[in-house]
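# A look at the structure
For reference, the chains in residue letters:
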Amino acid sequence: LARYLSSPIVRLQRASRALAAGALDTRVGGPFNRRKDEVGILARDFDSMASRVQALVDDKDTLLRDVSHELRSPLARIRVALALAQRKANAASQQDLTRIEQETERLDVLVGQILTLARLRSPLTGQREPLDLNELLREIIANAKFESPAVAIELDADEVAQIRGDRSELASAIENVIRNALRHAGQ
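A few points on the structure. (Residues numbered from 1 in each chain as written. Predicted model: local features only at pLDDT ≥ 70, side-chain atom pairs only at ≥ 80, totals over all residues. Heavy atoms only, no water.)

## Notes on the overall build of the protein
Along the backbone of the protein there are 5 helices and 2 strands. Starting at the N terminus and walking to the C terminus, you meet the elements of the protein as α-α-α-β-α-β-α. Taken over the C-alpha trace, the protein has a radius of gyration of 25 Å; the compact-globule value for 187 residues is 16 Å, which it surpasses by more than 25%. Referenced to the eigenvectors of the C-alpha coordinate spread, the extents of the protein come out at roughly 85 × 50 × 20 Å. Sorting the 187 residues of the protein into buried and exposed places 28% on the buried side. Contacts in the protein between residues at least 24 apart in sequence constitute 72% of all its contacts with a sequence separation of at least 6. On the protein, the mean spot of the 28 positive side-chain charges and the mean spot of the 27 negative ones are 8 Å from each other. (Helix = DSSP H or I, 4+ residues; strand = E, 2+ residues; numbered from the N terminus. Rg over C-alpha atoms; globule rule 2.2 N^0.38 Å. Buried < 20%, exposed > 50% of the residue type's maximum accessible area, 1.4 Å probe, protein only. Contact = heavy atoms within 4.5 Å. Lys, Arg positive; Asp, Glu negative; His and termini not counted. Charge placed at Lys NZ, Arg CZ, Asp CG, Glu CD.)

Printed below as a string of structure tokens:
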């Protein structure tokens, strides 16, 4: 009788501690959540709460990642516009443009940190789908050529490269590598 009464409480206690420690996929599960008494109701409520917390955290992480990723494109366009303005500007304006460039770099670093945080906090459960890597690379290179028209960027791929992976995550990783390469190409 003591085991019958204490076993579900111990299981709920372990599940609560695991959830509090960040294991958001923790559930009490059966057979305790199938019980018809107060312990069963509590187990079902715990599982429902854990599912809701996990969904909220996942949604927050997705929002962070998506917003951060979407901020990269306007930042790149600001850099292009800034470079054009620096070419046309007189000496009096250069100091202001240099300040804008520094602030743009700071914003880019912050966006990168947010992206890193979102990646570290989210589990590796992306949509794995068949992808044409060459097509993805062509799209990314087209964007990079727009952002850095003075730099020659080419894709030399004769063979079809079919892979399975998360398109958005792969695109983000490849874009980061190309942006870093472009940023340091002139140095």
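## Observations concerning the pattern of salt bridges
Enumeration over the complete set of coordinates arrives at 7 salt bridges. When the shortest N-O distance is used, the salt bridge between Arg99 and Glu103 registers 3.1 Å. Taken together, the residues Arg99 and Glu103, both in helix α3 (residues 91-121) and 4 residues apart, mark about one turn of the helix. Two residues, Arg106 and Glu103, come together in a salt bridge whose shortest N-O distance is 3.1 Å. Residue Arg106 and its partner Glu103 are located together in helix α3, separated by 3 residues, close to a single helical turn. Overall, the relative accessible area of 52% leaves Arg106 in the exposed class. Residue classification places Glu103 among the partly exposed residues on the basis of a relative accessible area of 29%. What emerges from the salt-bridge pattern is a single network uniting Arg72, Arg79, Glu105 and Asp108. (Salt bridge = Lys/Arg side-chain N within 4 Å of Asp/Glu carboxyl O.)

## Looking at helix α1 (residues 2-20)
Between the first and last C-alpha of α1 there are 27 Å, a value that for 19 residues agrees with the 27 Å anticipated at 1.5 Å per step. Within α1, the full set of buried residues consists of Pro8, Leu12, Ala15 and Leu19. One side of α1 carries all its buried residues, which in axial view fall inside an arc of 65 degrees. Turned more than 90 degrees away from the buried face of α1 sit Ala2, Arg3, Arg14, Arg17 and Ala20, all of them exposed. Downstream of α1 by a residue or two, Gly22 has a phi angle that is positive, lying close to 110 degrees. (Expected span 1.5 Å × (residues − 1). Arc of directions from axis to C-beta.)

## Observations regarding a negative patch on the surface
A surface patch of negative charge is lined by Glu154, Asp156, Asp158 and Glu159. Note on placement: Asp158 falls in the loop between α4 (133-147) and β2 (162-165). Using a relative accessible area of 77% as the deciding quantity, one classes Asp158 as exposed. (Patch = residues over 30% accessible without salt bridge, like charges linked within 9 Å, V, L, I, M, F, W, Y side chains within 5 Å. Areas by Shrake-Rupley, 256 points an atom, 1.4 Å probe, with all protein chains shown as cover.)

## Looking at the side chain of Asp166
In this fold, Asp166 is placed in the loop between β2 and α5 (167-185). In terms of polar contacts, Asp166 uses its side chain to reach the backbone amide nitrogen of Ser168, at 3.0 Å. (Polar contact = N/O pair within 3.5 Å; in protein donor to acceptor, adjacent residues only side chain to side chain.)

## Topic: the environment of Gln162
When you line up the elements, Gln162 lands in strand β2. Of the residues examined, Gln162 reaches a relative accessible area of 52% and is grouped as exposed. Considered as a pair, Gln162 and Arg79 are 83 residues apart in the sequence and their alpha carbons are 33 Å apart. Setting aside chain neighbours within four positions, we find Gln162 in contact with Leu131 and Asp132.

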